[in-house]
Every structure is written in C-alpha cells, then in structure tokens.
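Here is how the chains run, residue by residue.
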Amino acid sequence: MERDKKIKRALVSVYHKDGLDDILRKLHAEGVQFVSTGGTQQFIESLGLPCAPVETLTGYPSILGGRVKTLHPKVFGGILARRDRESDSEQLRQYEIPEIDLVIVDLYPFEETVASGAGESDVIEKIDIGGISLIRAAAKNYKEVVIVASKKQYAPFLRLLEEKGAQTSAEDRRRFAKEAFAVSSGYDSAIFNYFDGEDDSAFRVAADRAQVMRYGENPHQKGVFFGDFDALFEKLHGKEISYNNLLDIDSAVTLIDEFDELTFAILKHNNACGIASRPTVLEAWKNALAGDPVSAFGGILVTNRTIDGDTAEEINKIFFEVIIAPDYTEEALTVLMQKKNRIILKRKPSGPPAPTRQFRSLLNGALVQERDTSIQTAADLEPMTQKKPTEQELQDLLFANKLVKHSKSNAITLVRNKQLCASGVGQTSRVDALKQAIEKARSFKFDLNGAVMASDAFFPFPDCVEIAKEAGITAIIQPGGSVNDKLSVTWCDEHSVSMVKTGVRHFKH
C-alpha cells in the first residue's frame, strides 16, 4: 500500500542556487539532514545550516576535476532502496548505507552553453553525468523518494513544504517524478541534437510549458500549446488565446517581419487579406483595410510600428480578434481596451528567435523541414522579357513576392503602390487563384491597370499571363523553372508585359 513519507535526509547538488535558500531553511526547521557536494555544500553552510559533505558518505573525494562526485553505491543505494523489501533493507544495514528521502538537483546548463556559442570542449563539460543519474534514480524510486529536478520545481516544492511540512504523499512524489523525467528526457534530447547537427538521423524534440487550450481547431478537438508565449509577447488585454488565434498570430508575425518599412497587415485563416506600406500607421491601416474590408471582420491585425490614438480610433470601428504591435500609446490602449474580449499583444524586442526548422505529424511519423527564410531582393531578380519593370513596378513586385510567400498555395497576389489589391489563395488551379484575385479586386473597386502579379510557382502555360494582361497587369514575378517558360515569356514580349524570375519557389501547404 502506498503511504505518506517523512523526509529525513536530503541530497542536494545544484547549479542554480537562487530560490533554494527558503527551501533549505524550511527543511532544516523540519529536522531534515543535508548531504551535499562542493559549491552547494558551501552555499548551505553559508546559510548557517549544517551539511555533511558527500565524501563522508562515499569515502572518496571528488575526482577527475569534479566529474565524479556522487557516482557511488552508498549514494545510489540510499536512493534506490525499496523500503518495503527486507532484502534491500538488510543490504543497507550491511553496507552502512543511509536512506535518502529527497534529492534536489539542478543540471549543468547544457543548452545555454550551446546557445552562447561556446567551443565544443566547454559544451562537453556541461553534459551532466552525476546529476542526470541522481534524477533518474530518485524518479524511478518515487514510491520512496521525492525528486526536485530543476530550479523550475523549487517554487512548487516550497509550496508543498509550506502546506505539509516534510511529509509527502505517493501522489506528490509521483507528480515530481513525472516532472523529473520531463527534465531528463529534454536534457538528453538537447545533447543528442547537438551531436546530430544537420544529420537528421533521428527526430527528437522536447518542449516544456504546456498550455491547455479551450479546444483545438474545432470545439470537439483537444488542443495544447507547448512553448513560452510570454517570452515573445506581453498580453495587455483580452480573452484567453485560442488554438486558432495562435496559428494566426504565428502567420502574422512571420509575415510582418519580412518588412522593414512601416507596414500594417490584416490576416484571416493564416492568409493576408489586406496589407500596405505607407509613411504613417494611420495611412497603412486604412489602405490595408481597403484590401478586403469584408474578410477583415474577426481578423488578426499586425504592424511593425507603435499604434497611436488616431489609428486606434479607426481600428476601433471594426470587430477583430487580435492586434499585435511593438508598442501602443496610452491613448491607443484606452480606445482599444473598450471591448473586453479583444486580445492586445505587445511584442517583446528581445524575444527568442524563431525555430529554424518546422515539423508536422502525418501518417505514422513526422515531416521536418527548414523554415522558408529565403526572400528575394532586386539583386536576385533575373529579367525574362525584353521589357524591364519600372522602378515602381520593381518595388511592387518585391512587395507582392513577400506576400505570395506567406499565402496558401496555389497562390496569386496582385499589388499596386505597395498595397495588396487582392489575392487568390488555396486553389487547386493557378488559373482559378488568379481569377479569384481579379474578381475580388474588382469587387472592392481596385483599378488593376498598372498593378503587378506574383505567383508562388512557375507558369506551365501562358494562360495566366494572358488573363493578367487583360485585367491590366503590367509586370509579373515568378520563380521560373518550367520547361514551358518560353511560352509565357514569348507571350509577354508580344504584349509588352515585363516578367522577372526569382529562381525560388514558395509553396505553402
């Protein structure tokens, strides 16, 4: 029968000591004895608390420059012994091994060392051996031992001490064991990924900070986000963020980060339905909204500049789910917070970089790829036609190419004066995508004469360029690479349309 247990002896060996002092004082007040190593022993003693060095238990000093300190039967025997098994208890008495009821460990900062750009020798020295072994041993024997496996568990353990003293239930110990195995598996995954590099010989991902969503993509689906949202954004206002909100937020910031000049975008279902670059935030907002004021309803708004009061007044006229900006004036927040459910996010400038790889589950495994970070500049474009784009057309082509990169394939974007006139996205036919874009642009009274077109993939036939020219398009950007490229190029030459190719396809599925 599982039972409550009194903590009598604790082994403490940690890297991060911040936040540990209150735990140690509380344990000491409960009569718990400490055994520790090196710097941790000195820390405990600096608090005025008694602590036995682990060497008095093992009979051996720390050797090999500190690589071997706790790897000894008198340490692990005291952790792994099954108290309800007489044979284990007899061996503890025979070899004079004291029982250890609590292990507090905080591992060497391997991931932080790798991220710092340290050399391989420094990285290797931050692979914890004794600590990870203590974690696994204590977690395995959770029926007898409590394991606090990282500094993130200091606060929960302190709360437990304050509620129960040095007494733990089987449920408590199992909960901490679960967290310990999360620490050890994540640590080992990080080490493997460091050694694996770009080989991709196996797929190992560990993510902490699980946030349970209200539901997944639909109400009947369960959804969980694994990640540190708060490292990227400060949530200033609004309701709980949903699964679909997160998808749109990711699409929004990924798109807006393509632009250095002042830009405002509106997204719906991960696609831009309006976007414009202008001298002021207010102008950018008005021109972005003009791209599709219907789809903007319930959309995600994002800009790369501070939102002021005047812009907020205009934004406040429509219903939207989320707004994202690097900052807001006080006047803007006063206006935007009038609706209690609106999610207002402020981006943190020092947030961690986006992952370099993307993955999704499918069939009976996972599909992994590098993130599409390629974006083309004027220097990357190769003219395909006799007629070259004007400077304004060139700027619009680059603008349109950024948009089509972030649109669901098959995708076509139509742009004029750095404003999205319309896009056709997620179509099974590129011709259908173009026709959708043209029809939408006309429905919102856009004049496409002099506009440009971007395609996420090549044109196998000249039908798209013919339709585009008829609608008023004068310049086209596309990846090129079709065996029939010449057909479209010849048609453009005959009808005075300029075309450039990027050499880079931007499918998005």
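See the structure above.
Here, residues in each chain are numbered from 1, in the same order as that chain's written sequence. For a predicted model such as this one, the threshold for reporting local features is a pLDDT of at least 70, and the threshold for listing and counting side-chain atom pairs is 80 or more; totals across whole chains, interfaces and linings nevertheless cover every residue. For side-chain calculations, the full set of non-hydrogen atoms in the structure is used, while hydrogens and water are omitted.

Asks: Please set out the overall build of the protein residue by residue, giving values where relevant.
Replies: Helix and strand labels come from DSSP, where a helix needs a run of H or I of at least four residues and a strand needs a run of E of at least two; each type is numbered from the N terminus. Each helix and strand in the protein was counted, giving 18 helices and 23 strands. For the radius of gyration, the atom set is restricted to C-alpha positions; the globular benchmark scales as 2.2 Å times the number of residues to the power 0.38. In terms of overall dimensions, the protein is more spread out than a globule: its C-alpha atoms have a radius of gyration of 30 Å, far above the 23 Å expected for 509 residues. Partly exposed residues are those whose accessible area sits between 20% and 50% of the maximum for their type, while under 20% is buried and over 50% is exposed, using a 1.4 Å probe and protein chains only. A total of 509 residues make up the protein; the buried ones form 47% of that total. Surface exposure here means Shrake-Rupley accessible area, sampled with a 1.4 Å probe, where a residue is shielded only by the protein chains that are shown. Here the protein has roughly 25500 Å² of accessible surface; of this, 50% comes from carbon and sulfur atoms. Only four residue types enter the charge count, namely Lys and Arg as positive and Asp and Glu as negative; His and the chain termini do not. Each charge is placed at NZ for Lys, CZ for Arg, CG for Asp and CD for Glu. Side-chain charges of the protein comprise 64 positive and 72 negative groups, with the mean position of each set lying 4 Å from the other.

Asks: Residues and numbers for the sheet that holds strand β13 (residues 299-303), please.
Replies: Whether two strands pair comes down to DSSP finding at least two bridges between them. Strand order in the open sheet formed by six strands is β10-β15-β14-β13-β11-β12, with mixed pairing between adjacent strands. Taken across any chain shown, the strands that pair with only one partner, and hence form the sheet edges, are β10 (233-237) and β12 (271-277). Across this sheet, the average inter-strand angle for adjacent strands is 20 degrees, counted without regard to direction. The contact criterion used is simple: two residues touch if any of their non-hydrogen atoms lie within 4.5 Å. Angles shown run from 0 to 180 degrees and are taken between the N-to-C directions of axes, each axis being a line fitted to C-alpha atoms and, for helices, limited to the stretch in contact. Each of β11 (263-268), β12 and β13 touches helix α12 (residues 281-290); the most contacted strand, β11, lies at about 30 degrees to it.

Asks: Can you break down the nonpolar core residue by residue, with the values?
Replies: Side-chain atoms within 4.5 Å are what join buried Ala, Val, Leu, Ile, Met, Phe, Trp, Tyr and Cys residues into a set we call a nonpolar core. Of all hydrophobic cores here, the largest spans 37 residues; its most connected members are I249, L255, I275, I324, L345 and L403. Looking at which element gives the most residues to this core, the answer is helix α15 (residues 391-405), with seven residues. Contacts of I275, omitting those with residues within four sequence positions, involve L255, F259, T263, F264, A265, A288, F399, L403, K418, Q419 and L420. Judged by nonpolar contacts, the second largest core, of 29 residues, contains L11, L57, I132 and V145.

Asks: Would you mind going over a nonpolar patch on the surface in detail, with residue names and values included?
Replies: A patch consists of residues whose relative accessible area exceeds 30% and which take part in no salt bridge; residues with like charges are grouped when within 9 Å of each other, and nonpolar side chains (Val, Leu, Ile, Met, Phe, Trp, Tyr) when within 5 Å. One speaks of a salt bridge when a side-chain nitrogen belonging to Lys or Arg is within 4 Å of a carboxyl oxygen belonging to Asp or Glu. Residues F203, V205, F359 and V368 make up a contiguous nonpolar surface patch of about 330 Å² in total accessible area. In this fold, V368 is placed in strand β17 (residues 365-370).

Asks: Help me get a handle on the sheet that holds strand β18 (residues 382-383), residues and values and all.
Replies: With respect to topology, six strands assemble into an open sheet ordered β18-β23-β22-β21-β19-β20, the strand pairing being mixed. Bordering the open sheet on either side are β18 and β20 (420-424), each of which pairs with just one other strand. By the bridge criterion, four bridges tie strand β19 (residues 412-415) to β20 in an arrangement that is antiparallel. Note on β20: the bridge partner recorded for V415 is L420.

Asks: Mind laying out the environment of G426, listing which residues take part and the relevant values?
Replies: Mapping G426 onto the fold places it in the loop between β20 and α16 (430-443). When its relative accessible area of 40% is taken as the criterion, G426 is described as partly exposed. When near neighbours in sequence (up to four residues on either side) are disregarded, G426 contacts K408, S409 and N410.

Asks: Requested: an account of the pairing of β12, with residues and values cited.
Replies: Within a regular strand, the side chains alternate between the two sheet faces. Among the seven residues in β12, seven count as buried, and that is most of the element. Pairing geometry for β11 and β12, over six bridges, is antiparallel. Residue pairing across strands places F264 opposite A276, the latter belonging to β12. Counting the residues between successive antiparallel strands, the hairpin from β11 to β12 contains two residues, one of them, H269, with a positive phi of roughly 50 degrees.

Asks: Explain the environment of Y215 residue by residue, including any values.
Replies: Mapped onto the elements of the fold, Y215 is located in the loop between β8 (210-212) and β9 (224-226). It is 7.4 Å that separates the C-alpha atoms of Y215 and S242, two residues lying 27 residues apart in sequence. In this view, Y215 contacts Q221, K222, G223 and Y243; residues no more than four positions away in its chain are not counted.

Asks: Summarise the pattern of salt bridges; cite the residues concerned and give the values.
Replies: Under the criterion given, the structure shown has 21 salt bridges. Two residues, D447 and R416, come together in a salt bridge whose shortest N-O distance is 3.7 Å. With D447 in the loop between α16 and β21 (452-455) and R416 in the loop between β19 and β20, the pair connects residues that are 31 residues apart, well separated along the chain.

Asks: Now, about helix α5 (residues 86-94): what can you tell me, with residues and values included?
Replies: Inspection of α5 places D88, S89 and L92 among the buried residues, and these make up the whole buried set. One side of α5 holds all its buried residues, which, seen down the axis, span an arc of 95 degrees. Away from its buried face by more than 90 degrees, α5 exposes E86 and R93. Buried residues belonging to α5 abut α4 (73-80). Directly after α5, the chain includes E96, whose backbone phi takes a positive value near 55 degrees. To be clear, the arc concerns the directions from the helix axis to the C-beta atoms.

Asks: With reference to specific residues and values, describe the packing of α4 against helix α8 (residues 130-140).
Replies: The geometry of α4 relative to α8 is characterised by a closest axis approach of 8 Å and an angle of 25 degrees between their N-to-C directions. By the angle between their axes, α4 is roughly parallel relative to α8. Contacts between α4 and α8 pair V75, F76, I79 and L80 from the former with G130, S133, L134, A137, A138 and K140 from the latter. Three residue categories are used. Nonpolar comprises Ala, Val, Leu, Ile, Met, Phe, Trp, Tyr, Cys and Pro, charged comprises Asp, Glu, Lys and Arg, and polar comprises the others, including Gly. Of the residues in the contact of α4 with α8, the class split is seven nonpolar, two polar and one charged. By definition in this entry, angles of less than 35 degrees are roughly parallel, angles greater than 145 are roughly antiparallel, angles of 65 to 115 are roughly perpendicular, and the rest are oblique.

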